[in-house]
Amino acid sequence: MEPVGADVTGVADPERAGEERLPDGRPLGWAEWGPEDGVPVLFCPGAGTSRRLGFGAGEVGELGVRLISLDRPGLGASGPLPGRTFADFAEDVRAFAAGRGLGRPAMVGNSQGAPFALACAERGVVAALAVVSGADEVAEPRFDGVLPEELRRLVRTAVADPAAAERIFASFTPRAMWDMVMAGSPECDLAVYRQPAFAAAYRRALEEGFARGAGGYARDTALAMGRWRAHGLDPSRVAVPVDLWYGEEDTGHSPDRGAGLADRVPGAVRHVVPGIGGAVLWTHAGEILRTLLERLRRALRTGGGPAGLTP
């Protein structure tokens, strides 16, 4: 692990990138790091960012991981799908994995990518999942008393009128996203985010994420802030190994750092990492990936692992 404040060596330009045509003709943008014959690990990135902001570039080769980041519909190189749900994204990933011969790969879901990754786990598209700094279901009643008033109003809108929520979120820009993250992050995270290499990569990923406009981000956010079951996700139905990773200083993604979410996902293992907040994906990439690979090995022994992994 790189110490906080050191160069973040886990951020690097993709080694390969392209588009996969889905059955309905839409393009799905992807980017890869690591050996082409490595163990496939899909990555569902955070809010508004494209496939090009990866993690663990210094570890994937050592671990034999082929990290494949995916643009969700309407973000980056992926075509839009109006009215899409969490379940729709899971089926896109199923088609992508089949088209690329990946079997049932592992997945990492970061920040706002977390509920989309959970949908892939629920529907059996992936064999194991790491949720890192995962956006929680803030519309759950148990969070009513702890959310800031402005966020509570947005959540209520997302629940009552998702289309209206999308119109609100459609006003966001890459600069607004950057400013929001910088204003809401603790100093331990800012020590990572302000590093020149990371800042450049993050800004570029935001620009690419919004290249088709704000519609993809707006739909993602309306889904994430609404009631998940209404949009095709029930965490209690997940039947693959799930690890939840939260930084101890992170209360922005989940007010209880995933404690309630861990209770809702059968068998989930929760890790709370001291000394860091939402940047834990970049400061602890090796530990997260090694744990995920071990979950995959166990899945393989029970007949549910992906191609390319040996017990």
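Residues numbered from 1 in each chain as written. Predicted model: local features only at pLDDT ≥ 70, side-chain atom pairs only at ≥ 80, totals over all residues. Heavy atoms only, no water.

What follows is about the overall build of the chain. Assigned secondary structure in the chain consists of 12 helices and 8 strands. Computed over its C-alpha atoms, the radius of gyration of the chain comes to 18 Å, within 12% of the 19 Å expected for a compact globule of 311 residues. Each of the three principal axes of the chain carries a C-alpha extent, and together these read 50 × 45 × 35 Å. Long-range pairs, those at least 24 residues apart, make up 72% of the contacts in the chain with a sequence separation of at least 6. Accessible surface computed for the chain: about 11800 Å², of which carbon and sulfur atoms make up 50%. When the 34 basic and 40 acidic side-chain charges of the chain are each reduced to a single mean position, those positions are 4 Å apart. (Helix = DSSP H or I, 4+ residues; strand = E, 2+ residues; numbered from the N terminus. Rg over C-alpha atoms; globule rule 2.2 N^0.38 Å. Contact = heavy atoms within 4.5 Å. Areas by Shrake-Rupley, 256 points an atom, 1.4 Å probe, with all protein chains shown as cover. Lys, Arg positive; Asp, Glu negative; His and termini not counted. Charge placed at Lys NZ, Arg CZ, Asp CG, Glu CD.)

For the rest of this paragraph, the subject is the pairing of strand β6 (residues 128-132). Among the 5 residues in β6, 5 count as buried, and that is most of the element. Every second residue of β6 is oriented toward a common face, with Ala 128, Ala 130 and Val 132 on one face and Leu 129 and Val 131 on the other, all of them buried. The parallel pair strand β5 (residues 106-110) and β6 is bridged by helix α3 (residues 114-122), and the resulting crossover is right-handed. Summarising the sheet, β6 and strand β7 (residues 242-247) pair through 4 bridges and their orientation is parallel. Paired with Val 131 across the two strands is Leu 244, which belongs to β7. (Buried < 20%, exposed > 50% of the residue type's maximum accessible area, 1.4 Å probe, protein only. Right-handed = clockwise from strand over helix to strand, strands pointing away. Pairing = 2+ DSSP bridges.)

Throughout the structure, instances matching the rule amount to 10 aromatic pairs. Taking 5.0 Å as the distance between ring centres and 65 degrees as the angle between the ring planes, the aromatic pair formed by Phe 43 and Phe 55 counts as edge-to-face. Within this pair, whereas Phe 43 is found in strand β3 (residues 39-44), its partner Phe 55 is found in the loop between β3 and α1 (57-63), the two being separated by 12 residues in sequence. For Phe 43, a relative accessible area of 1% puts it in the buried group. Ring geometry for Phe 198 and Trp 282: centres 5.1 Å apart, planes at 80 degrees, overall edge-to-face. A residue pair is termed long-range when its members are at least 10 positions apart, and Phe 198 in helix α8 (residues 196-209) and Trp 282 in helix α11 (residues 280-283) qualify at 84 residues. The pair formed by Phe 198 and Trp 282 is uniform in burial state, with each residue classed as buried. Clustering of aromatic rings is evident, with ring pairs tying together Trp 178, Tyr 193, Phe 198, Tyr 202 and Trp 282. It is Arg 72 that lies over the ring of Phe 116; its NZ or CZ is 4.9 Å from the centre. (Phe/Tyr/Trp six-rings, centres within 6.5 Å; stacked < 30°, edge-to-face > 60°. Lys NZ or Arg CZ within 6 Å of the ring centre and 35° of its normal.)

The next thing to look at is α3. Owing to its 3.6 residues per turn, the α-helix brings residues three or four apart onto one side. Counting buried positions along α3 yields 9 of 9 residues, so the element is predominantly enclosed. Inspection of α3 places Ala 114, Pro 115, Phe 116, Ala 117, Leu 118, Ala 119, Cys 120, Ala 121 and Glu 122 among the buried residues, and these make up the whole buried set. Tucked inside the fold, the buried residues of α3 contact β3, α2 (86-99), β5, β6, α9 (215-225) and α10 (259-264). Residue Gly 124 follows α3 closely and has a positive phi angle near 70 degrees.

Moving on to the packing of helix α5 (residues 162-169) against α9. At a minimum axis distance of 8 Å, the contact between α5 and α9 shows a crossing angle of 130 degrees. In terms of their interaxial angle, α5 and α9 are classed as oblique. Considering the relative orientation of α5 and α9, their crossing is right-handed. Along the contact surface, α5 presents Pro 162, Ala 165, Glu 166 and Phe 169, while α9 presents Tyr 217, Ala 218, Arg 219, Thr 221, Ala 222 and Met 225. Class assignment of the residues belonging to the contact of α5 with α9 gives a composition of 7 nonpolar, 1 polar and 2 charged. (Axes fitted to C-alpha atoms, helices over the stretch in contact; angles between N-to-C directions. Parallel < 35°, antiparallel > 145°, perpendicular 65-115°, else oblique. Left-handed = near helix turned anticlockwise from the far one by under 90°. Nonpolar A, V, L, I, M, F, W, Y, C, P; charged D, E, K, R; others polar.)

Time to look at the layout of surface pockets. If you add up the space inside the largest pocket, you get close to 1200 Å³. If you go around the largest pocket, you meet 44 residues; those closest to its centre are Ser 111, Met 180, Val 181, Gly 252 and His 253. If you list the elements that add at least two residues to the lining of the largest pocket, you get α4 (149-160), α5, α6 (174-184), α7 (187-193), α8 and α9. By residue class, the composition of the lining of the largest pocket is 26 nonpolar, 13 polar and 5 charged. (1 Å grid on protein atoms, 1.4 Å probe; cavity = no way out; pocket = protein on both sides within 12 Å on 5 of 7 lines; lining within 4 Å. Points joined across faces, edges and corners; volume = space filled by probe spheres on them.)

With that out of the way, let us pick up unusual backbone geometry. Positive phi, normally seen in glycine, also occurs at Ser 111, with a value near 55 degrees. For Ser 111, the position within the fold is in the loop between β5 and α3.

What follows covers the sheet that holds β6. In space, the 8 strands of this open sheet follow the order β1-β2-β4-β3-β5-β6-β7-β8, with mixed pairing throughout. Two strands in the sheet have a free side with no partner beyond their single neighbour: β1 (16-21) and β8 (269-273). This sheet shows a mean twist of 25 degrees between the axes of neighbouring strands, independent of strand direction.

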